[in-house]
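# Per-entry structural report
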Amino acid sequence: MQVTEILTDHTLMALELRGTPEEPIRFYLDIMDQFDRAGIRWHWHPEVEFNVITRGRMEYYVENEHFTLSAGQGIFKNANILHMAQPARETPDAQMFSAILDPAFIAPVQSVIYRKYVAPFLGSQGLRSLVFSPEVPWQRDCLDALRRAYDLSQTEAGAYELHIHRLLCQVWQAMAEHARELPRHDLTAGERTDQVRAKQMMVFLQTHFREKLTLDQVAGAANVSRNTCLTCFRRVLGMSPMEYLISYRLEQAAHLLLTSDQPVSQVAEACGLGDASYFGKLFRRKTGLSPTQYRRQQEAPSNPGEKA
């Protein structure tokens, strides 16, 4: 399955990526220059996720951590963790596949396997993220298993569901066997509170991005002080609220450039980015292109041989 946009609810939880009790794992193909907002926006979901980059380079943000990954590498992201991704500027056509699964796909929640080998990775005592590198033998094996699982999900040949389950259990077993080597991050009560507040403020910014906003208004969305607002954003996302707001406005502007014929000046105004000159500077800084160049480049016909 291919996706071109991540839709979220009022808490930033992804809406259409989730599996079902009958289908607790789903695979997706992500071709980044086909995303209509130039990247995967901030979101979270109660499932864990594996990504493997198959072309180009990707920039990943897992809360306040940042990773640049190249083709052949992969990443694991834990349940309930805010994350986003975008192609590196030099490879706007970067590509990856994703496997999103309910941890219960590995073993039933009541089972000893889940209690001993799944639960310890989850929640406040678990991993936030883990980068897989082909230079590390056991991680290379995990990457190979994930690629084979994705291929099976596309061909659906034979008893592919059982084969996929075996391959994902193989990946999880490798993580469990190397658990002592993996970076742990035990969330404090304060960090969990920060996550909740950051989500509240992000939702407010996304809802009111067209308006002129003050830091007091953003802080008010989570009922905190200005200083707490700034500190919370820095801890969770590694940026200020206004940096996040500008990034979101530019994301919306990129979407409008591709889906409307509005002049650049109107796009800038509609997205709260002021006049066309200021908008142009910000947009070029983010994409390396002027708004007009971006619109023309994206309107160019895609490779007819590309298949999802």
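### Details of the sheet that holds strand S7 (residues 83–87)
- Taken together, four strands build an open sheet; the order of strands is S2-S7-S4-S5 and the sheet is antiparallel. Each edge of the open sheet is held by one strand with a lone partner, namely strand S2 (40–43) and strand S5 (65–70). Put simply, the sheet's adjacent strands are angled 15 degrees from each other on average, direction ignored.
- As paired elements, S2 and S7 share two bridges and run antiparallel to each other. Bridge assignment links His 43 to a residue of S7, and that residue is His 83.

### Brief notes about empty space enclosed by the protein
- Under the counting rule described, the total for this entry stands at one cavity of 30 Å³ or more.
- Reported here for the largest cavity is a volume of approximately 110 Å³.
- Lining the largest cavity are 17 residues, and of these Ile 6, Asp 30, Ile 40, Glu 49 and Ser 98 sit closest to its centre.
- Counting residues per element, the ones that place at least two in the lining of the largest cavity are strand S1 (25–31), S2, strand S3 (48–55), S7 and strand S8 (95–101).

### Points about the environment of Thr 228
- Inspection of the secondary structure assignment puts Thr 228 in helix H6 (residues 226–237).
- A relative accessible area of 27% places Thr 228 in the partly exposed class.
- As a C-alpha pair, Thr 228 and Arg 197 span 31 residues in sequence and 9.7 Å in three-dimensional space.

### Quick notes on the state of the cysteines
- Under the defined criterion, the tally for this structure stands at zero disulfides.
- Free cysteine: Cys 142, not disulfide-bonded; nearest cysteine sulfur from Cys 169 at 12 Å.
- The class for Cys 142 is buried, based on a relative accessible area of 3%.

Cut-offs applied
Residues numbered from 1 in each chain as written. Predicted model: local features only at pLDDT ≥ 70, side-chain atom pairs only at ≥ 80, totals over all residues. Heavy atoms only, no water. Pairing = 2+ DSSP bridges. Helix = DSSP H or I, 4+ residues; strand = E, 2+ residues; numbered from the N terminus. Axes fitted to C-alpha atoms, helices over the stretch in contact; angles between N-to-C directions. 1 Å grid on protein atoms, 1.4 Å probe; cavity = no way out; pocket = protein on both sides within 12 Å on 5 of 7 lines; lining within 4 Å. Points joined across faces, edges and corners; volume = space filled by probe spheres on them. Buried < 20%, exposed > 50% of the residue type's maximum accessible area, 1.4 Å probe, protein only. Disulfide = S-S within 2.5 Å.

Purely geometric stuff here, so don't read any function into it on its own.
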